[in-house]
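Here's the letter readout for the chains.
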Amino acid sequence: MLLSPPTGWAQDPLRLDLAAVVARALEASPALGVARARRAEIEGSVTEVAADAWPQVDFVAGWSRSRDPSFLVSADFDDIVELFPGFEPEEQEAWTTGVELRQTLYSGGKVRAAVELAEIAVEVADERLAETRLDVAMTAAEAFYELAAAERSVAILDAERAARDAALEVVEARLEIGEATRLEQLRALAARDEVAPRLAEAEGRIEIARVRLRAALALEPDAPVALEAPIVGRDDGPTVDTLAVETLGVEDVVSSAPPLDVLRAEARRGRPALRDLALQIAAIERERTVEAAEGKPQVDFTGAYGRRGRTLDQLPDALYDEWRVGAGVTWSLFDGGRRRGLLAQIDARGEALRWRLEELEREIDADLATRRAAHQAARERLRASAVAATAAREAVRVADASYRQGVALQADLLDARERSTRAELAVDDALFDALRAGARLRRAVGLLPTEEWSQ
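Residues numbered from 1 in each chain as written. Predicted model: local features only at pLDDT ≥ 70, side-chain atom pairs only at ≥ 80, totals over all residues. Heavy atoms only, no water.

Our next topic: the overall build of the protein. Along the protein, the regular secondary structure elements total 12 helices and 6 strands. Counting the 455 residues in the protein, one finds 38% classified as buried. Long-range contacts, defined as pairs at least 24 residues apart, comprise 82% of the intrachain contacts of the protein with a sequence gap of at least 6. Taken as a whole, the protein presents about 25,200 Å² of accessible surface, with 56% of it coming from carbon and sulfur. (Helix = DSSP H or I, 4+ residues; strand = E, 2+ residues; numbered from the N terminus. Buried < 20%, exposed > 50% of the residue type's maximum accessible area, 1.4 Å probe, protein only. Contact = heavy atoms within 4.5 Å. Areas by Shrake-Rupley, 256 points an atom, 1.4 Å probe, with all protein chains shown as cover.)

In this section: the packing of helix H4 (residues 110-176) against helix H12 (residues 410-445). Where H4 contacts H12, the two axes come as close as 10 Å, and the packing angle between them is 170°. Classified by the angle their axes make, H4 and H12 are roughly antiparallel. Of the residues assigned to the contact of H4 with H12, the class counts are 14 nonpolar, 3 polar and 14 charged. (Axes fitted to C-alpha atoms, helices over the stretch in contact; angles between N-to-C directions. Parallel < 35°, antiparallel > 145°, perpendicular 65-115°, else oblique. Nonpolar A, V, L, I, M, F, W, Y, C, P; charged D, E, K, R; others polar.)

So, on to the pairing of strand S5 (residues 298-309). With 11 bridges joining them, strand S3 (residues 92-106) and S5 adopt antiparallel strand pairing. Each bridged residue has a counterpart across the sheet, and for Arg102 the counterpart in S5 is Thr302. In the sheet, S5 pairs with strand S6 (residues 321-330) via 10 bridges, with the strands oriented antiparallel. Of the residues in S6, the one forming a bridge with Arg307 is Asp321. (Pairing = 2+ DSSP bridges.)

Another aspect to go through is the pattern of salt bridges. Tallying each qualifying case throughout the model produces 46 salt bridges. In this structure, Glu41 and Arg38 form a salt bridge, with 3.0 Å as the shortest nitrogen-oxygen distance. Within this pair, Glu41 and its partner Arg38 are both found in helix H2 (residues 30-50), separated by 3 residues, close to a single helical turn. What makes Arg38 partly exposed here is its relative accessible area of 43%. A salt bridge links Glu287 to Arg349; the nearest nitrogen and oxygen atoms lie 2.4 Å apart. (Salt bridge = Lys/Arg side-chain N within 4 Å of Asp/Glu carboxyl O.)

Next up on the list: the packing of helix H9 (residues 260-270) against helix H11 (residues 338-404). One can describe the packing of H9 onto H11 by two numbers: an axis separation of 10 Å at closest approach and a directional angle of 135°. Classified by the angle their axes make, H9 and H11 are oblique. Considering the relative orientation of H9 and H11, their crossing is right-handed. Contacts from Leu260, Leu263, Arg264, Ala267 and Arg268 of H9 reach H11 at Glu361, Ile364, Asp365, Leu368, Ala369 and Arg372. Among the residues forming the contact of H9 with H11, the class breakdown is 6 nonpolar, no polar and 5 charged. (Left-handed = near helix turned anticlockwise from the far one by under 90°.)

Position of Arg417 among the secondary structure elements: in helix H12. Excluding residues within four positions of it along the chain, Arg417 makes contact with Glu160, Ala163, Arg164, Ala167, Val396 and Asp400.

Before going further, it helps to examine the confidence of the model for the protein. In this model, the protein carries a mean pLDDT of 83, and residues with pLDDT of at least 70 account for 87%. Helix H10 (residues 272-293) holds the highest mean pLDDT among the elements of the protein, 92, whereas helix H7 (residues 242-248) holds the lowest, 49. Low confidence marks residues 1-10, where pLDDT is under 50. Its contacts with residues over four positions away, or in another chain, come to 14 contacts. Counting interchain partners and residues more than four positions distant, the pLDDT-below-50 stretch residues 230-243 has 34 contacts. (pLDDT = per-residue confidence, 0-100.)

Another point: the sheet that holds strand S2 (residues 56-66). What the 4 strands build is an open sheet, ordered S2-S3-S5-S6; its pairing is antiparallel. Sheet topology places S2 and S6 at the edges, where each strand pairs with a single neighbour. When the angles between neighbouring strand axes are averaged without regard to direction, this sheet yields 20°.

This part takes up a nonpolar patch on the surface. Together, Val329, Trp331, Leu333 and Phe334 make up an exposed nonpolar region whose accessible area comes to about 570 Å². By the element assignment, Phe334 lies in the loop between S6 and H11. (Patch = residues over 30% accessible without salt bridge, like charges linked within 9 Å, V, L, I, M, F, W, Y side chains within 5 Å.)

In the structure shown here, the tally under the stated rule is 3 aromatic pairs. Feature note: the residues Phe144, Tyr145 and Phe432 constitute an aromatic cluster, connected by ring pairs. (Phe/Tyr/Trp six-rings, centres within 6.5 Å; stacked < 30°, edge-to-face > 60°.)

Its 21 residues place the ends of H2 31 Å apart at the C-alpha level, agreeing with the 30 Å of an ideal helix rising 1.5 Å per residue. Every buried residue belonging to H2 is among Leu32, Ala35, Ile42 and Val46, and all of these are buried. In a view along the axis of H2, the buried residues occupy a sector of 85°, so they form one face of it. Along H2, the residues that are exposed and aim more than 90 degrees away from the buried face are Pro30, Val34, Glu41, Thr47 and Glu48. (Expected span 1.5 Å × (residues − 1). Arc of directions from axis to C-beta.)

This paragraph deals with unusual backbone geometry. At Ala218, a position not held by glycine, the phi torsion is positive, near 55°. Tracing the sequence through the fold places Ala218 in the loop between helix H6 (195-216) and strand S4 (225-227).

This part is about helix H5 (residues 182-193). Across its 12 residues, H5 extends 17 Å between first and last C-alpha, which sits within 8% of the 16 Å expected from 1.5 Å per residue. Within H5, burial applies to Glu184, Gln185, Ala188 and Ala191. Viewed along the axis of H5, the buried residues span an arc of 125°, placing them on a single side of the element. For H5, the elements touching its buried residues are H4, H6, H11 and H12.

Structurally, Ala430 can be placed in helix H12. The exposure class of Ala430 is buried, given its relative accessible area of 0%. For the pair Ala430 and Ala384, spaced 46 residues apart in sequence, the C-alpha separation works out to 9.4 Å. Other than its neighbours up to four places away in sequence, Ala430 contacts Ala378, Arg381, Leu382 and Ser385.

Within the fold, Gly326 resides in strand S6. Owing to a relative accessible area of 26%, Gly326 belongs among the partly exposed residues under this scheme. With 23 residues separating them along the chain, Gly326 and Gly303 place their C-alpha atoms 6.3 Å apart.

If you want it as structure tokens, here you go:
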């Protein structure tokens, strides 16, 4: 389902922050639509299986016309037929109507276990739906951060180009009064022009990131989008930039992760994959009960009431009533070991699932430790990058003032500006790396990118 107006409508850009991106992705995702439909299908199986515990009632009616020569060809009646030469069976017509009833009285626990098995299957579908939600939200968050990072890079390079334009104007003004050389002018021109290819590359990344974000949100390929401040957990947060990191501090921009034991405990509760496997183990027990019940007595009650007549006008007459009741027992005493073999297969699957659950717990523990370390490293890198950017910005200010006073070389100013630009881009890269690392750590715990973990 595409969440955009029909072609030809005037469209205002969608204003999206991280929460809006995640919410829209969860609403529009085809993968989630498939998972929900699958869950509804499995939920219907519960009603289907539970129906075996209820009486099955059918209305029956019929008409038949037949000719039966069995009397003529019976060896026991040869002599009688000879006494009636010319005897010939006639065509017979019959009309029937009535109600039939069947009810299982005892199944050895098979029906109850089958219903529980179907209910567990619905719970498994719920966990797989939850797993799909986490994947969809993570994909959308990654696309959001990718576009935000690309837009931030363009903003940094735009600001640098404007600064180098201003520096060129200073050089040209000094050249007119004889305080600068033609070489200094050429260097200033080259410094300004070398920003252009880097800016073009960054703008190309924006277009690619927008395409990915639109795809994650099931939008039309040309739907306009505009991002709001991407700081997690700050609805009124400023636009992310170097000054925001320096002013707010790393802790306010990218919160620290809880201790590893807290993350593990939350993952045990929150990871759908773990609950999925635990439910599959429970389902194996119900499946075993269903199969074992095949070796127990099965008791069924049957009954029917109706009327049968040779002509249709006889059916209203009670004289032609027909009824029957009965109960039957079936008990499989020997099946050549088939059931024993099936039970052994079920037990083996259950054992494999228990080993898989233990393996998955270990994998999650290792993944959490890795992602938490990556998150902490990204935060420290962001902190160090912000300090370096502050120093680089101050160096530009000093170099610019010194150059204007004629006590510093132009090369010193250009070098300071280049270092400052690289430092700004490094902060940008470190910031979004930290935000992505936080989202991935939340995914590993079983949380959406917009949810906070327990402290």
